[in-house]
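Here are the chains, one letter per residue:
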Amino acid sequence: MRSIHSGSTRRRAAFAALATSAALVLSACGGGAATEGGGGTEGGSGSDGEQTITFIPKQLNNPYTDVVLGGGEDGATEAGFVSSEVVGPLDASASSQVSFINAETQRGTNVIVIAANDPDAVGPALEEARTAGAKIVAFDSDTNPDYRDLFVSQVNAKDVALIQLELISEQIGGEGEIAILSATANATNQNEWIKFMEEELAANPDYANIELVAKVYGDDDDTKSFQEAQGLLQAYPDLKGIISPTTVGIAATARYLSTSEYKGKVALTGLGLPNEMRPFVKDGTVSEFALWDPAQLGYVAAFAGKALADGSITGEVGDSFEAGELGEREVGEGGIVLVGPPTVFNAENIDDYDF
Ligand code: RAM
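Residues numbered from 1 in each chain as written. Predicted model: local features only at pLDDT ≥ 70, side-chain atom pairs only at ≥ 80, totals over all residues. Heavy atoms only, no water.

Some details on the overall build of the protein chain
Working step 1: Within the protein chain, the secondary structure is distributed over 10 helices and 14 strands.
Working step 2: Taken across its 355 residues, the protein chain has 59% of its residues classed as buried.
Working step 3: For the protein chain, the proportion of contacts with a sequence separation of at least 24, taken over those separated by at least 6, is 74%.
Working step 4: With an accessible surface of roughly 13100 Å², the protein chain has 48% of that area assigned to carbon and sulfur atoms. (Helix = DSSP H or I, 4+ residues; strand = E, 2+ residues; numbered from the N terminus. Buried < 20%, exposed > 50% of the residue type's maximum accessible area, 1.4 Å probe, protein only. Contact = heavy atoms within 4.5 Å. Areas by Shrake-Rupley, 256 points an atom, 1.4 Å probe, with all protein chains shown as cover.)

Below you can see the structure in the form of structure tokens.
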């Protein structure tokens, strides 16, 4: 649905410092968090609600992550955390986050916000953190629901899939071969979107003449994504379009296409950052792509974490909490809090956005 042009993005050009405050405040809480198992008021905090929050993104060297974390830092401050930190791996492989989770457990961090590189690989470490009293908020990419209190999701996963199919279908005139260039093969968010895309391609008669011929993985690594894009066009000379549901993948693919013979002939859409995609929209490599406001994801996750740590919600369906200037948010089915909506960016509106 194209209704999704949003006028309400907060547009935080939030290339915030990745390492927010260093490890100072932790001495105030120490192991206090480890003593409170759950649910009560002021639960989990060491002293008078002085709670700490740590964000563990999929990877640190990702411009999308920087925007998400800028919103997270703002949210953490506004929600009243005494310290907000960011730790995480440089690569998005399945188990790369485990040691970071363990370190937070040892420090007695009250709220861990995580974008899971793998739904299960982080499970045992998160269980230990919870046993020690931490609240777990997944955002961007969910864990197995058993391991977290809430998942703050961009947009309903199926809608994320559908908008990308609509865009590619329009751009290739409703027929031909397409491929998906994803992030890592184990990322929960990517795999959910791809699953919904495959189901819709099979079920929706509008897409009967579109054939998904390949799924490849650039691992949210710029060089690998670029090479995978190149490889796709060599392997599938009739390819009409590429969907890349990752900001790293779509930018690398656009860069490849922009100087290749395929520019303007092979369509590219997916999920991208306006600031990264602007040159490729202006030079005609890309006509339309989508994304939500990443800063809002971090912002809402921080407020969700505060409500959990305060014990004002437990993550049950129907729980609600105030998310600062974004207003009240409710926990839906599956313990999911939606942020949305997505915006479609094109030559007409891309200059209105700065993230
Ligand atoms: C990449 C990551 C992230 C995803 C965005 C759209 O930066 O894969 O998880 O949500 O793209």
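Here the narrative resumes.
Re the nonpolar core
Side chains that are nonpolar tend, in soluble globular proteins, to be buried together.
Working step 1: Within the largest apolar cluster, 88 residues are counted, with the highest numbers of intra-cluster contacts made by Phe55, Phe139, Val152, Trp292 and Phe321.
Working step 2: Taken domain by domain, this core gets at least three of its residues from each of domain 1 (6-154 + 293-340) and domain 2 (157-291).
Working step 3: If we ignore the near neighbours within four places in the chain, the residues touching Phe139 are Phe55, Ile56, Val68, Val113, Ile114, Ala115, Phe151, Val152, Leu297, Gly298 and Ala301.
Working step 4: Ranked by size, the runner-up nonpolar core spans 13 residues in total, among them Ile101, Ala116, Val122 and Ala134. (Core = buried A, V, L, I, M, F, W, Y, C linked by side-chain atoms within 4.5 Å. Domains from an automatic or database assignment.)

Remarks on unusual backbone geometry
Working step 1: The residue after Gly340, namely Pro341, is reached through a cis peptide bond having omega -5 degrees.
Working step 2: Tracing the backbone shows Pro341 in the loop between β13 (336-338) and β14 (343-345).
Working step 3: Even without glycine at this site, Asp140 takes up a positive phi of about 70 degrees.
Working step 4: Assignment of secondary structure puts Asp140 in the loop between β4 (135-139) and β5 (150-153).
Working step 5: By relative accessible area, Asp140 is classed as buried at 7%.
Working step 6: With phi around 55 degrees, Asp220 is a residue other than glycine that occupies positive phi space.

Looking at the pattern of salt bridges
Working step 1: Inspection of every chain in the model, using the stated rule, returns 11 salt bridges.
Working step 2: In this structure, the salt-bridge partner of Arg107 is Glu85, at a minimum N-O distance of 2.9 Å. Here Arg107 is found in helix α3 (residues 98-107), whereas its partner Glu85 is found in strand β2 (residues 83-86), with 22 residues between them in sequence.
Working step 3: A residue is classified by how much of its surface remains accessible, and Arg107, at 22% relative accessible area, is partly exposed.
Working step 4: In this structure Glu85 comes out as buried when scored by relative accessible area, which is 7%.
Working step 5: As a salt-bridge pair, Lys224 and Asp219 come within 3.7 Å of each other at their nearest N and O atoms. (Salt bridge = Lys/Arg side-chain N within 4 Å of Asp/Glu carboxyl O.)

A short note on the site of the ligand
Working step 1: Around the ligand sit 15 residues in total, of which Lys58, Asp140, Asn189, Asp220 and Thr247 are the nearest.
Working step 2: In this structure, an oxygen atom belonging to the ligand sits 3.4 Å away from a side-chain N or O atom of Gln190.
Working step 3: Thr247 places a polar side-chain atom, nitrogen or oxygen, 2.6 Å from an oxygen atom of the ligand.
Working step 4: When the ligand is considered free in solution it has 290 Å² of accessible area, and contact with the protein chains removes 100% of it.
Working step 5: Looking at the shell around the ligand element by element, the count peaks at 3 residues for helix α6 (residues 188-203).
Working step 6: Its residues placed into classes, the shell around the ligand shows 6 nonpolar, 6 polar and 3 charged.
Working step 7: Here the shell around the ligand spans two domains, since at least three of its residues come from each of domain 1 (6-154 + 293-340) and domain 2 (157-291). (Near = heavy atom within 4 Å. Polar contact = N/O pair within 3.5 Å; in protein donor to acceptor, adjacent residues only side chain to side chain. Nonpolar A, V, L, I, M, F, W, Y, C, P; charged D, E, K, R; others polar.)

Thoughts on the packing of aromatic side chains
Working step 1: By the definition in use, this model includes 9 aromatic pairs.
Working step 2: Taken together, a centroid distance of 6.5 Å and an interplanar angle of 85 degrees make the contact between Tyr64 and Trp292 edge-to-face. Remark: Trp292 occurs in the loop between β10 (289-291) and α10 (294-310) and Tyr64 occurs in helix α2 (residues 63-79); sequence separation between them is 228 residues.
Working step 3: Judged by its relative accessible area of 8%, Tyr64 is buried.
Working step 4: Trp292 gets classed as buried once you look at its relative accessible area, which sits at 4%.
Working step 5: Taking the centre distance of 4.9 Å and the plane angle of 90 degrees together, the rings of Phe345 and Tyr353 count as edge-to-face.
Working step 6: One aromatic cluster in this structure is built from Phe289, Phe345, Tyr353 and Phe355.
Working step 7: A cation over an aromatic ring shows up here: Lys195 above the ring of Phe196, its NZ or CZ 4.5 Å from the ring centre. (Phe/Tyr/Trp six-rings, centres within 6.5 Å; stacked < 30°, edge-to-face > 60°. Lys NZ or Arg CZ within 6 Å of the ring centre and 35° of its normal.)

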